[in-house]
Amino acid sequence: MLNRLILLFSLAALIILMVMINLTTPAEAGPPGVLVFFTAVYGVVFGIITGIVFLFRKTMGKSNLRRKDYCYVAVMSFGPIMMLLMQAFGSLSIATIGLTVVFIGLGCFLVNKRL
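This structure is a prediction, so every number in the text was calculated from the model and none was measured.

Thresholds applied
- Within any chain, residue numbers begin from 1 and follow the written order of that chain's sequence.
- Owing to the predicted nature of the model, reporting of local features is limited to residues with pLDDT of at least 70; listing and counting of side-chain atom pairs is limited to 80 or more, with chain, interface and lining totals taken over all residues.
- To get the side-chain values, take all heavy atoms of the structure and skip hydrogens and water.
- In this text, helices come from DSSP runs of H or I with a minimum length of four residues, and strands from runs of E with a minimum of two, each type numbered from the N-terminal end.
- Given the number of residues in a helix, its expected span is that number minus one, multiplied by 1.5 Å.
- Throughout, exposure labels follow a simple rule: accessible area from a 1.4 Å probe, protein chains only, divided by the maximum for the residue type, with under 20% read as buried, over 50% as exposed, and the rest as partly exposed.
- When we speak of the arc, we mean the arc of directions from the helix axis to the C-beta atoms.
- Residues are treated as being in contact if the distance between any of their heavy atoms lies within 4.5 Å.
- Nonpolar cores are built from buried Ala, Val, Leu, Ile, Met, Phe, Trp, Tyr and Cys residues. Side-chain atoms within 4.5 Å join them into one set.
- What goes into a patch is any residue over 30% in relative accessible area without a salt bridge, connected to like charges within 9 Å or, for nonpolar side chains (Val, Leu, Ile, Met, Phe, Trp, Tyr), within 5 Å.
- Each accessible area is a Shrake-Rupley result for a 1.4 Å probe, and residues are judged covered by the shown protein chains and nothing else.
- A carboxyl oxygen of Asp or Glu within 4 Å of a side-chain nitrogen of Lys or Arg is what we treat as a salt bridge.

Chemist: What is the right way to look at helix 5 (residues 94-114) in this model?
Modeler: Think of an α-helix as 3.6 residues a turn; residues three or four steps apart then line up on the same face. An ideal rise of 1.5 Å per residue puts 30 Å on 21 residues; helix 5 measures up with 30 Å between its terminal C-alpha atoms. Among all positions of helix 5, only T96, T100, I104, G107, C108 and V111 are buried. Seen from one end, helix 5 has its buried residues packed into an arc of 120°, which puts them on one side. Exposed side of helix 5, more than 90 degrees from the buried face: I94, A95, V101 and K113 are the residues found there. Where helix 5 is buried, its residues meet helix 3 (67-76) and helix 4 (78-89).

Chemist: What exactly am I supposed to notice about the nonpolar core here?
Modeler: Side chains of a nonpolar character, in soluble globular proteins, are inclined to be buried together. Ranked by size, the top nonpolar core spans 14 residues in total, and within it L17, V41, I49, V53 and V73 carry the most contacts. Sorting the residues of this core by element identifies helix 1 (2-23), helix 2 (26-59) and helix 3 as the ones contributing at least two each. A per-element tally of this core places helix 2 first, with seven residues. What L17 contacts, discounting residues up to four positions off in sequence, is F37, A40, V41 and V44. Within the second largest apolar cluster, five residues are counted, among which are Y72, M82, I104 and C108.

Chemist: Looking at this model, I keep getting lost on a nonpolar patch on the surface. Mind explaining?
Modeler: Residues L7, L11, L14, M18 and I21 make up a contiguous nonpolar surface patch of about 450 Å² in total accessible area. If you trace the backbone, M18 turns up in helix 1. Among the residues examined, M18 registers a relative accessible area of 40% and is labelled partly exposed.

Chemist: What am I meant to see in the pattern of salt bridges here?
Modeler: For side chains bearing opposite charge, pairing can occur when the charged atoms are close. In this structure the tally under the stated criterion is two salt bridges. Across the pair D69 and R66 runs a salt bridge, and its minimum N-O distance is 3.3 Å. Residue classification places D69 among the buried residues on the basis of a relative accessible area of 7%. On the accessibility criterion, R66 (44% relative accessible area) is partly exposed. Through salt bridges with shared partners, a single network forms among R57, R66 and D69.

Structural data, given as structure tokens:
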């Protein structure tokens with residue numbers, strides 16, 4: 001049930017994202033529009049990574065996703081958002097990609113220790 005809800009949320013976010021990309025500019029959308037854009041990107045990436053983790057667990061012969069897996073997905077889904085923000089500020093380089101990987105790794109480590 002939860003996987004279907006995530007799929008529905010991701011598809012809705014994808015539709016919102018496509019409408020925003022095709023009909024507005026960042027200047028027209030303003031700050032709330034930019035917030036909606038980044039939230040929609042997060043929703044789409046969350047759905048994609050959830051699907052990948054679900055398929056990986058099925059190929060390993062495990063049952064459905066656990067709470068810990070969803071927490072890992074939530075942390076990993078923030079990586080592309082960080083990359084988009086770095087690109088927007090014009091500072092995307094190998095060092096910032098490395099720092100993003102380090103922060104995602106630290107987030108996953110925190111999930112591992114907390115749950």
